[in-house]
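# Coordinate analysis (summary)
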Amino acid sequence: MMEHEYQPISFKDVLIEMKDVSELMVDLSYSAILFDSKEIALEVINLEERMNNLVYQARIQSVLGARRIEEAEAMSGMLQVAEAAERIANSASDIAKLILKDIRFPAKLKRVFPEAEEVVTRVIVSQGSELVGHTLGDLKVQSTTGMQVIAIRRGKGWIYDPDRTTRMESDDILIARGGPEAGEEILSEITGSMERPPRVEVSSAGEVDDLDRAVQLIIEMKNLSELSVGLAYTSLLFNNMEVAHEVVALDSTLDDMRYDLDLWILEAARKIEDVRYLRGLLYMSSFAQAISDSAHSIVDVLLRDIEIPPIFKKIVRESDEIITRMTVTPSSPLVGRTLKEMSLATVTGMVVLAIKHGDRWVYRPGGKSVRLQSGDTIIAKGRRDGECRLYELTGHTAKVSEE
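Nothing here was measured: the structure is a model prediction, and the numbers come from that model.

### Overview of helix H8 (residues 241-269)
Here H8 spans 42 Å end to end across 29 residues, near enough to the 42 Å set by a 1.5 Å rise per residue. Regarding H8, the residues found buried are Val-243, Ala-244, Val-247, Leu-250, Asp-251, Leu-254, Met-257, Leu-261, Ile-265 and Ala-268. For H8, the N-terminal capping position is held by Asn-240, with its side-chain oxygen 3.0 Å away from the main-chain nitrogen of Glu-242.

### Here's the deal with unusual backbone geometry
Not every positive phi belongs to a glycine, and Asp-305 is a case in point at roughly 60°. Summarising the element assignment, Asp-305 is placed in the loop between helix H9 (276-303) and helix H10 (311-317). For Asp-305, a relative accessible area of 65% translates into the label exposed. Positive phi, close to 55°, is recorded for Arg-364, a residue that is not glycine. In this fold, Arg-364 is placed in the loop between strand S7 (360-363) and strand S8 (377-382).

### Description of the pattern of salt bridges
Under the definition given, this model contains 19 salt bridges. A salt bridge links Lys-19 to Glu-23; the nearest nitrogen and oxygen atoms lie 3.2 Å apart. Residue Lys-19 and its partner Glu-23 are both found in helix H1 (residues 11-34); the two are separated by four residues, about one turn of the helix. The exposure class of Glu-23 is buried, given its relative accessible area of 19%. Taking the shortest distance from any N to any O, the salt bridge between Glu-86 and Arg-59 comes out at 3.7 Å. Here Glu-86, found in helix H3 (residues 69-100), pairs with Arg-59, found in helix H2 (residues 38-65); they are 27 residues apart in sequence, far enough to count as distant.

### A word on the pairing of strand S4 (residues 173-178)
The side chains of a regular strand alternate between both faces of the sheet. Burial runs high along S4: six of the six residues are buried. Pairing of strand S1 (residues 119-124) with S4, which is carried by six bridges, proceeds in the antiparallel orientation. Looking at S4, one finds that Val-119 is bridged to Gly-178. Bridging between strand S2 (residues 148-154) and S4 involves five bridges; their strand directions are antiparallel. Across the sheet, the residue bridging to Arg-153 is Ile-173, located in S4.

### A look at the environment of Arg-384
If you trace the backbone, Arg-384 turns up in helix H12 (residues 384-393). Accessibility expressed as a relative area gives 35% for Arg-384, which makes it partly exposed. As for Arg-384 and Glu-321, which are separated by 63 residues in sequence, their C-alpha atoms are 7.7 Å apart.

### Some words on the confidence of the model for the chain
Summarising the model, the chain shows a mean pLDDT of 82, and 87% of its residues fall at 70 or more. The low-confidence segment residues 196-208, where pLDDT is below 50, has 24 contacts with residues more than four positions distant or belonging to other chains.

About the cut-offs
- Residues numbered from 1 in each chain as written.
- Predicted model: local features only at pLDDT ≥ 70, side-chain atom pairs only at ≥ 80, totals over all residues.
- Heavy atoms only, no water.
- Helix = DSSP H or I, 4+ residues; strand = E, 2+ residues; numbered from the N terminus.
- Expected span 1.5 Å × (residues − 1).
- Buried < 20%, exposed > 50% of the residue type's maximum accessible area, 1.4 Å probe, protein only.
- Polar contact = N/O pair within 3.5 Å; in protein donor to acceptor, adjacent residues only side chain to side chain.
- Salt bridge = Lys/Arg side-chain N within 4 Å of Asp/Glu carboxyl O.
- Pairing = 2+ DSSP bridges.
- pLDDT = per-residue confidence, 0-100.
- Contact = heavy atoms within 4.5 Å.

In structure tokens form, the structure reads like this:
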């Protein structure tokens, strides 16, 4: 095990990187399952060592940064957020280890992964691709496809969280994430190819009912757990107790879903010959629940009225995936339209977590026929350039405020 040494780095920068690394590990772990890739799984394990070092730095900084009781209380809240990010990372690492141990997953799971609210695609930059020699920003990959490139495999190394200045080379392998309506086919045209998840034969048709329900429930648990983390950061960022209570409710819902899942998997086990394919589902449900529990731990800071220092806003706003809030103006082209009609995920690359209609919140609005109205509040997460496009679509002309 690598020995950690204290480095003179700000607590803010440590927490920003912890948030970014934990979210990247979750994306890569799901990618490892989808593409049955031990190579990606090993990168998740490597990132876990980076996370362990960041946890060490965060603990040292929290001790050095508190000189008065008020500072200690605020620091304890930030440390609780850091520990939640650590638990998310540890859970992602556990999933990666399943791949390395050849734990099997049903082919049905890989086929329905594209139905998740955030999907992962793997593409190879061919020699004839228009990307070769250009940056992601040059060709406006995210605004054109709605897909965010989260990692690039180049030769034997990896580039994590590439930005618009990252220049593409032939044979680069891109891992991109986006909503289900994002332009996977457009991305494949730009890069010159797309790698589909491998097809794995499972067993006979006799397994269908209970296994189908279990697989669909896993996708729903994945969606809800990722939503809960986004809402958890949102509640602290905007000091919103209502959103914090929604995270608590989601955690309870996921607990109930796991009970149902266990029952359906046991029922399915009676009807198939090789039960090894079911074991992976049990681990995945535990993964989703661990992520939700971590989100609950984040909002616990707000629920227990622990002071949230101003530094937290900088942590969320300066991370790779930011959270934003904006109001739909009367002049917005979104008025009277649904998110799907406007292809908002593709146009902006942003994932809308919630919409507030008057006093009513609508969570996960992407899959619902919610018609936007003037005065609605949109909470979304994504890259900063996507935020700028969303800002324009909501009818604003001034620069997005950091306040």
